[in-house]
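Each chain, written out:
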Amino acid sequence: MSKSYLSIEKVFKSFSRGGVTSQVLSDINLQVERGQYISIIGHSGCGKSTVLNIVAGLLDASSGVVILDGKEVSGPGPDRSLVFQNHSLLPWLTVYENVQIAVDKVFGRSKSRSERDEWIRHNLNMVHMGHALDKRPGEISGGMKQRVGIARALAMQPKVLLLDEPFGALDALTRAHLQDEVMRIQAELHNTVIMITHDVDEAVLLSDRIVMMTNGPSAAIGEILDIDLPRPRDRIALAEDPKYNQYRQAVLRFLYEKQRKKATA
Amino acid sequence: MNANVKIEAESAAPLSTASRVPAWMARLGRVGLHNLLPPIAITLLFLLVWEMLCSSPASALPPPTQVFSDTWELIANPFYDNGGNDVGMAWQILASLERVAYGYALAVVAGVGLGVLVGQSTWAMRGLDPIFQVLRTVPPLAWLPLSLAGFQDSNPSAIFVIFITAIWPIIINTSVGIRNIPEDYRNVARVLRLNGIEYFVKIMLPAAAPYIFSGLRIGVGLSWLAIVAAEMLVGGVGIGFFIWDAWNASLISDIVLALVYVGIVGFILDRLVAWAGRLVTRGTSEG
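None of the values given here were measured: they were computed from a predicted structure.

1. Some words on the interface of chain A and chain B
Turning to step 1, where the next piece is worked out: Facing 25 residues of chain A, the contacting portion of chain B comprises 20 residues.
Turning to step 2, where the next piece is worked out: Of the roughly 2,000 Å² buried between chain A and chain B on both sides combined, carbon and sulfur atoms contribute 64%.
Turning to step 3, where the next piece is worked out: Counting across the interface, chain A meets chain B through 1 salt bridge.
Turning to step 4, where the next piece is worked out: A salt bridge links lysine 105 of chain A to glutamate 198 of chain B; the nearest nitrogen and oxygen atoms lie 2.8 Å apart.
Turning to step 5, where the next piece is worked out: At the boundary of chain A and chain B, one finds 6 residue pairs in polar contact (both at pLDDT 80 or more).
Turning to step 6, where the next piece is worked out: Of all elements in the fold, only strand 6 (80–83), helix 2 (95–107) and helix 4 (142–155) of chain A reach the threshold of two or more residues within the side of chain A that touches chain B.
Turning to step 7, where the next piece is worked out: Across the side of chain A that touches chain B, the residue classes break down as 12 nonpolar, 8 polar and 5 charged.

Encoded structure:
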């Protein structure tokens with residue numbers, strides 16, 4: 001039995017299409033403590049997003065269970081809020097309304113109207129989007145959209161925050177900026193976070209643990225690396241830090257030596 | 001062409017309210033020059049050719065000047081009412097518009113409803129789509145005898161013809177719109193655990209709105225096409241029967257005037273729905 005806050009136990013996943021069954025995930029086991037920041041890293045197509053979607057409840061595992069805070073996960077719910085790579089804001093709603101739709105649904109009974117309004121503004125201020133409440137997603141930049149996506153996810157007060165390559169679609173400068181923001185918010189709120197990424201620096205900088213996945217088909221967890229760097233972390237100072245570079249090399253070695261992507265077309 | 005002038009002027013006005021008066025006038029002048037001059041010039045040319053072709057005494061059709069002088073009474077007094085079918089053009093058109101309003105409104109409600117059903121449920125799509133594909137090819141007027149037999153009355157029959165004409169593009173476009181809702185929006189709804197009604201109102205309708213409105217726009221055009229034909233057969237007050245009546249009385253000029261009115265009203269209906277669509281779908285396609 002697990003004692004962890006979130007535990008993924010013996011999860012297998014296979015997809016069947018037209019009589020052909022392909023094994024995607026094979027025996028995924030992972031224990032996550034409350035307040036931990038976990039990154040899952042691996043080559044594209046290795047099934048890391050599938051892991052996240054199973055935790056989110058958007059996909060069902062073929063076998064195995066996900067247990068969050070003592071309860072088995074079945075189906076999606078606001079206790080596991082997702083930040084999607086392509087932000088997935090509703091384009092016909094303003095920034096405020098995009099967060100409001102989540103807050104009204106989750107806290108519609110427990111908070112009064114003015115409390116909800118304050119909570120929406122609080123979360124948008126936290127990601128520095130308080131100035132653009134009435135803008136529509138089409139009128140703001142990609143980085144700003146992702147901020148709103150993060151605000152929407154945080155506003156649900158999830159037990160675990162799931163980030164699916166949240167910075168993947170952003171340019172390098174915006175990405176660094178948002179990574180710092182996420183670290184700051186994480187330090188403040190102590191969220192439990194699982195982040196999918198393919199960026200080694202991002203993984204080492206943000207995480208407490210890095211889960212490295214082997215290549216598919218039938219991907220499994222290859223290695224788990226504990227990142228023992230003091231917080232708050234500073235990206236410039238860390239660039240000189242030998243420990244940081246060791247971690248970085250460990251991940252790179254796993255990805256590019258042990259799990260080198262086979263030259264498939 | 002009058003309506004064209006009006007619409008262009010209206011759409012130009014909000015653009016220029018923010019700027020100062022001289023700039024406003026200059027812009028209106030430029031817009032007028034760009035957008036109004038070509039259609040006016042072509043219309044004048046067209047009238048001129050028509051005049052030349054039809055001015056010989058042997059011509060079967062009247063030239064524009066004669067149309068104008070023949071129908072001046074009708075143009076000048078659109079609201080006269082001598083009882084029975086002998087009413088002004090405005091009343092004729094309003095009677096037709098009323099039928100279209102009823103039939104179209106029913107088609108919108110039923111069409112969006114069925115479109116949602118077909119778009120949401122694979123089973124409903126497999127069952128209903130082949131039937132829709134066959135029925136939508138039936139010409140509007142072919143429904144008229146059947147509806148006359150069913151309703152035993154001309155007015156509901158005409159309304160039914162409008163309904164059955166307008167509903168197919170609305171159903172088909174709505175269902176395509178529903179099927180094309182991005183997976184991300186569905187996932188957002190699932191994470192938030194939106195219930196059926198919340199999903200319908202907050203995600204489905206706004207996401208599918210651009211498709212729904214293109215269906216509505218085709219539908220209103222078809223309705224207006226069908227009403228003229230249907231009214232020719234069912235009689236009573238209405239622009240369609242007015243045309244048929246004028247033909248029987250050999251009032252060719254009246255027919256020409258009625259056609260101009262039908263065209264203008266159809267154009268306005270189309271623009272109204274397009275405008276409503278722009279208003280409602282504001283932002284939907286951005287992202």
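2. Here's the deal with empty space enclosed by the protein
Turning to step 1, where the next piece is worked out: Across all of its chains, the model carries 3 cavities of 30 Å³ or more by this definition.
Turning to step 2, where the next piece is worked out: Space inside the largest cavity adds up to approximately 60 Å³.
Turning to step 3, where the next piece is worked out: Around the largest cavity, the lining residues are Tyr37, Ile150, Leu154, Leu161, Leu163, Val182, Ile185, Gln186, Asn191 and Val193 of chain A.
Turning to step 4, where the next piece is worked out: Elements that contribute at least two residues to the lining of the largest cavity include exactly helix 4, strand 7 (160–164) and helix 5 (172–189) of chain A.
Turning to step 5, where the next piece is worked out: A per-element tally of the lining of the largest cavity places helix 5 of chain A first, with 3 residues.
Turning to step 6, where the next piece is worked out: A per-class count over the lining of the largest cavity returns 8 nonpolar, 2 polar and no charged.
Turning to step 7, where the next piece is worked out: Looking at the second largest cavity, its volume works out to about 50 Å³.
Turning to step 8, where the next piece is worked out: The wall of the second largest cavity is formed by Leu82, Phe84, Arg152 and Met156 of chain A together with Val188, Val191 and Leu192 of chain B.
Turning to step 9, where the next piece is worked out: Of the residues forming the lining of the second largest cavity, the biggest block, 3 residues, is contributed by helix 8 (residues 183–192) of chain B.
Turning to step 10, where the next piece is worked out: Partitioning the lining of the second largest cavity into residue classes produces 6 nonpolar, no polar and 1 charged.

3. A few points about the packing of helix 2 of chain A against helix 4 of chain A
Residues and elements named next belong to chain A.
Turning to step 1, where the next piece is worked out: Packing of helix 2 against helix 4 brings their axes to within 9 Å, and their N-to-C directions diverge by 15 degrees. Judged by the angle between their axes, helix 2 and helix 4 are roughly parallel. Of the two possible hands of crossing, helix 2 and helix 4 adopt the one that is right-handed. Here Val95, Asn98, Val99, Ala102, Val103 and Phe107 of helix 2 come into contact with helix 4, specifically with Val148, Ala151, Arg152 and Ala155.
Turning to step 2, where the next piece is worked out: Per-class residue counts for the contact of helix 2 with helix 4 are 8 nonpolar, 1 polar and 1 charged.

4. Digging into helix 3 (residues 113–126) of chain A
Residue and element names in this part refer to chain A.
Turning to step 1, where the next piece is worked out: With 14 residues, helix 3 should reach 20 Å at 1.5 Å per residue; the first-to-last C-alpha distance of 20 Å fits that figure.
Turning to step 2, where the next piece is worked out: Among all positions in helix 3, only Arg116, Trp119, Ile120, Asn123, Leu124 and Met126 are buried. One side of helix 3 holds all its buried residues, which, seen down the axis, span an arc of 160 degrees.
Turning to step 3, where the next piece is worked out: Elements that come into contact with the buried residues of helix 3 comprise helix 2, helix 4 and helix 5.
Turning to step 4, where the next piece is worked out: Among the residues trailing helix 3, histidine 128 stands out with phi positive, at a value near 60 degrees.

5. Observations concerning the sheet that holds strand 6 of chain A
Residues and elements named next belong to chain A.
Turning to step 1, where the next piece is worked out: The strand order 6-7-8-3-9-10 describes an open sheet built from 6 strands, whose pairing is mixed. Unpaired on one side and paired on the other, strand 6 and strand 10 (221–226) mark the two borders of the sheet. Here the strands of the sheet are splayed against their neighbours by 20 degrees on average, with no regard to which way each runs.
Turning to step 2, where the next piece is worked out: In this sheet, strand 8 (residues 192–197) lies alongside strand 7 in parallel orientation, the contact comprising 5 bridges. Paired with valine 160 across the two strands is threonine 192, which belongs to strand 8.

6. Focus: the sheet that holds strand 4 (residues 63–68) of chain A
Neighbouring strands of a sheet are bound in pairs by backbone hydrogen bonds; such pairs are parallel or else antiparallel.
Residue and element names in this part refer to chain A.
Turning to step 1, where the next piece is worked out: Strand order in the open sheet formed by 4 strands is 2-1-4-5, with antiparallel pairing between adjacent strands. A single partner strand is all that each edge strand has here, and the edge strands are strand 2 (20–32) and strand 5 (71–72).
Turning to step 2, where the next piece is worked out: Of the strand pairs in this sheet, strand 1 (residues 6–17) and strand 2 are connected by 9 bridges, and their pairing is antiparallel. Among the inter-strand pairings, phenylalanine 15 is bridged to a residue of strand 2, identified as serine 22.
Turning to step 3, where the next piece is worked out: Helix-sheet contacts for helix 1 (residues 48–56) involve strand 1, strand 2 and strand 4, and the interaxial angle to strand 1 is about 115 degrees.

7. Looking at the packing of aromatic side chains
Aromatic rings considered in pairs are described by the distance between their centres and by the relative angle of their planes.
Residues and elements named next belong to chain B.
Turning to step 1, where the next piece is worked out: Scanning the entire structure with this criterion turns up 9 aromatic pairs over all chains.
Turning to step 2, where the next piece is worked out: Look at phenylalanine 79 and tryptophan 91: their rings are 5.5 Å apart centre to centre, the planes differ by 80 degrees, and that puts the pair in the edge-to-face class. Placement of phenylalanine 79 in the loop between helix 3 (64–76) and helix 4 (89–120) and of tryptophan 91 in helix 4 is noted, with a sequence separation of 12 residues between them.
Turning to step 3, where the next piece is worked out: Measuring from ring centre to ring centre gives 6.2 Å for phenylalanine 160 and phenylalanine 163, while their planes differ by 35 degrees; the resulting arrangement is tilted. Of the two residues, phenylalanine 160 and phenylalanine 163 are both situated in helix 7 (residues 154–179); the distance of 3 residues between them amounts to about one turn of the helix.
Turning to step 4, where the next piece is worked out: Relative accessible area serves as the criterion here: at 18%, phenylalanine 163 is assigned to the buried category.
Turning to step 5, where the next piece is worked out: Grouping aromatic residues by their ring pairs yields a cluster made of Trp143, Phe151, Phe160 and Phe163.

Parameters and conventions
Residues numbered from 1 in each chain as written. Chains lettered and ligands numbered in written order. Predicted model: local features only at pLDDT ≥ 70, side-chain atom pairs only at ≥ 80, totals over all residues. Heavy atoms only, no water. Contact = heavy atoms within 4.5 Å. Buried area = accessible area lost by both parts, 1.4 Å probe. Salt bridge = Lys/Arg side-chain N within 4 Å of Asp/Glu carboxyl O. Polar contact = N/O pair within 3.5 Å; in protein donor to acceptor, adjacent residues only side chain to side chain. Helix = DSSP H or I, 4+ residues; strand = E, 2+ residues; numbered from the N terminus. Nonpolar A, V, L, I, M, F, W, Y, C, P; charged D, E, K, R; others polar. 1 Å grid on protein atoms, 1.4 Å probe; cavity = no way out; pocket = protein on both sides within 12 Å on 5 of 7 lines; lining within 4 Å. Points joined across faces, edges and corners; volume = space filled by probe spheres on them. Axes fitted to C-alpha atoms, helices over the stretch in contact; angles between N-to-C directions. Parallel < 35°, antiparallel > 145°, perpendicular 65-115°, else oblique. Left-handed = near helix turned anticlockwise from the far one by under 90°. Expected span 1.5 Å × (residues − 1). Buried < 20%, exposed > 50% of the residue type's maximum accessible area, 1.4 Å probe, protein only. Arc of directions from axis to C-beta. Pairing = 2+ DSSP bridges. Phe/Tyr/Trp six-rings, centres within 6.5 Å; stacked < 30°, edge-to-face > 60°.

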